[in-house]
Amino acid sequence: MGYFLETLVKLIPFLRVTIYIAVWAMILGLIFGTLLAAMKLSGSRFLKKIAELFTTLIRCTPVIVLLFLSYYGLPLLFGIVGLDISNGSKTAFSIAALTVYSSATLSEIIRPAYLSINKGQMEAALTVGLTTLQAMVTVILPQVVFVALPNMGNMLIALFQESALAYLIGVIDVMGQAKVINSMNYGAHIIEVYFAVSLLYWMLSLLTGKFVDMLTYRFSKIMK
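Just so you know, these numbers come straight off a predicted model, no measurement behind them.

## What to know about the nonpolar core
At step 1: Ranked by size, the top nonpolar core spans 53 residues in total, and within it Tyr101 and Leu159 carry the most contacts.
At step 2: Listing elements by their share of this core, those giving two or more residues are helix 1 (2–11), helix 2 (15–41), helix 4 (63–80), helix 5 (90–115), helix 6 (119–127), helix 7 (132–162), helix 8 (174–184) and helix 9 (190–223).
At step 3: Sequence-distant contacts of tyrosine 101, that is, excluding residues within four places in its chain, are made with Ile58, Val63, Leu66, Met155, Ala158, Leu159 and Glu162.

Structure representation (structure tokens):
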């Protein structure tokens, strides 16, 4: 028990790396996911096909493959235009991979959430003098967020968990530090180490779920 608590204390400071990666991947994923959803909802058949193809390819690709493609592939891609990013931040490569992963999934969360909103609400907003942008921001968007919020919370939890793969390219987050601690003890306390890791991820998931529940409750009060 003593070693478990000692390990837990050593791992806690590295939670900030895990949170940093997941939160940035979520923010960027929301931006690109919204763009993909807009492409799927557009009147352009070409844009729809591009967005659907991208979503299908990414959702069928394991995150670990996306991580390695980001770490090894992006430097080659940027090298074509004369930019050397081979010594770039490993954390940034991890965020890039998880952003691609989350944007594809979030596009499939945002699109049906938008489609669930009654189209008459947009028409009603326009008839009272709002512009299309004002109607979208003040009437439609809050309802889309309310509908999509539980699944967005699940996506963030998934990003916390998938970020554990970042240690494979040398990122020292919770999992990376656990590997360091375990190697220093030659695996003698492997159960305690990984039980401490699982506890931290469980706490992150629990707190995220509670936070999303609180937001959902507040949105429900506003929407009434």
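Alright, that's what it looks like, and here's the rest.
## Comments concerning the side chain of lysine 40
At step 1: Its location among the elements puts lysine 40 in helix 2.
At step 2: Among residues more than four places away in sequence, those in contact with lysine 40 are Lys48, Ala51, Glu52, Thr55, Ser107, Glu108 and Arg111.

## Brief notes about the packing of helix 4 against helix 5
At step 1: With their axes 8 Å apart at the nearest point, helix 4 and helix 5 run at an angle of 125 degrees to one another. With respect to each other, helix 4 and helix 5 are oriented oblique. Crossing handedness for the pair helix 4 and helix 5: right-handed. Residues Val63, Leu66, Leu67, Ser70, Tyr71, Leu74 and Pro75 of helix 4 form the contact with helix 5, whose participating residues are Lys90, Phe93, Ser94, Ala96, Ala97, Leu98, Val100 and Tyr101.
At step 2: A breakdown of the residues in the contact of helix 4 with helix 5 according to their chemical character gives twelve nonpolar, two polar and one charged.

## Points about the packing of helix 6 against helix 7
Each pair of packed helices can be summarised by the angle the axes make with each other and by the distance between the axes.
At step 1: Close contact between helix 6 and helix 7 brings their axes to 9 Å; oriented N to C, the two are set at 140 degrees. Our classification of the angle between helix 6 and helix 7 gives oblique. The handedness of the crossing between helix 6 and helix 7 is right-handed. Contacts from Gln121, Met122, Ala125 and Leu126 in helix 6 reach Thr132, Ala135, Met136, Val139, Ile140 and Gln143 in helix 7.

## Thoughts on the layout of surface pockets
At step 1: Within this model, the largest pocket holds a volume of roughly 330 Å³.
At step 2: Every element with two or more residues in the lining of the largest pocket is listed here: helix 2, helix 5 and helix 7.
At step 3: When residues in the lining of the largest pocket are grouped by element, the largest group, seven residues, is from helix 7.
At step 4: A class-by-class count of the residues in the lining of the largest pocket yields 13 nonpolar, one polar and no charged.
At step 5: Around the second largest pocket, the lining residues are Met26, Leu30, Leu149, Met152, Gly153, Leu156, Leu207, Thr208, Phe211, Val212 and Leu215.

## Re the environment of phenylalanine 54
At step 1: Among the structural elements, phenylalanine 54 can be located in helix 3 (residues 45–59).
At step 2: For phenylalanine 54 and leucine 36, which are 18 residues apart along the polypeptide, the C-alpha to C-alpha distance reads 8.8 Å.

## Structural notes on empty space enclosed by the protein
At step 1: Counting across every chain of the model gives one cavity of 30 Å³ or more.
At step 2: Approximately 30 Å³ is the volume attributed to the largest cavity.
At step 3: For the largest cavity, the full set of lining residues is Val63, Leu67, Leu98, Glu162, Ser163, Leu165 and Ala166.
At step 4: Its residues assigned to classes, the lining of the largest cavity comprises five nonpolar, one polar and one charged.

## Regarding the pattern of salt bridges
At step 1: Inspection of the entire model under this criterion finds three salt bridges.
At step 2: Of the charged contacts in the structure, one is a salt bridge between lysine 10 and glutamate 6, with a shortest N-O distance of 3.2 Å. With lysine 10 and glutamate 6 both in helix 1 and four residues apart, this pair spans about one turn of that helix.
At step 3: Relative accessible area serves as the criterion here: at 40%, lysine 10 is assigned to the partly exposed category.
At step 4: A relative accessible area of 39% places glutamate 6 in the partly exposed class.
At step 5: In this structure, the salt-bridge partner of glutamate 108 is lysine 40, at a minimum N-O distance of 2.6 Å. A residue pair is termed long-range when its members are at least 10 positions apart, and glutamate 108 in helix 5 and lysine 40 in helix 2 qualify at 68 residues.
At step 6: Exposure remark for lysine 40: the relative accessible area of 8% places this residue in the buried category.
At step 7: What emerges from the salt-bridge pattern is a single network uniting Lys40, Glu108 and Arg111.

Conventions we followed
- Residues numbered from 1 in each chain as written.
- Predicted model: local features only at pLDDT ≥ 70, side-chain atom pairs only at ≥ 80, totals over all residues.
- Heavy atoms only, no water.
- Core = buried A, V, L, I, M, F, W, Y, C linked by side-chain atoms within 4.5 Å.
- Buried < 20%, exposed > 50% of the residue type's maximum accessible area, 1.4 Å probe, protein only.
- Helix = DSSP H or I, 4+ residues; strand = E, 2+ residues; numbered from the N terminus.
- Contact = heavy atoms within 4.5 Å.
- Axes fitted to C-alpha atoms, helices over the stretch in contact; angles between N-to-C directions.
- Parallel < 35°, antiparallel > 145°, perpendicular 65-115°, else oblique.
- Left-handed = near helix turned anticlockwise from the far one by under 90°.
- Nonpolar A, V, L, I, M, F, W, Y, C, P; charged D, E, K, R; others polar.
- 1 Å grid on protein atoms, 1.4 Å probe; cavity = no way out; pocket = protein on both sides within 12 Å on 5 of 7 lines; lining within 4 Å.
- Points joined across faces, edges and corners; volume = space filled by probe spheres on them.
- Salt bridge = Lys/Arg side-chain N within 4 Å of Asp/Glu carboxyl O.

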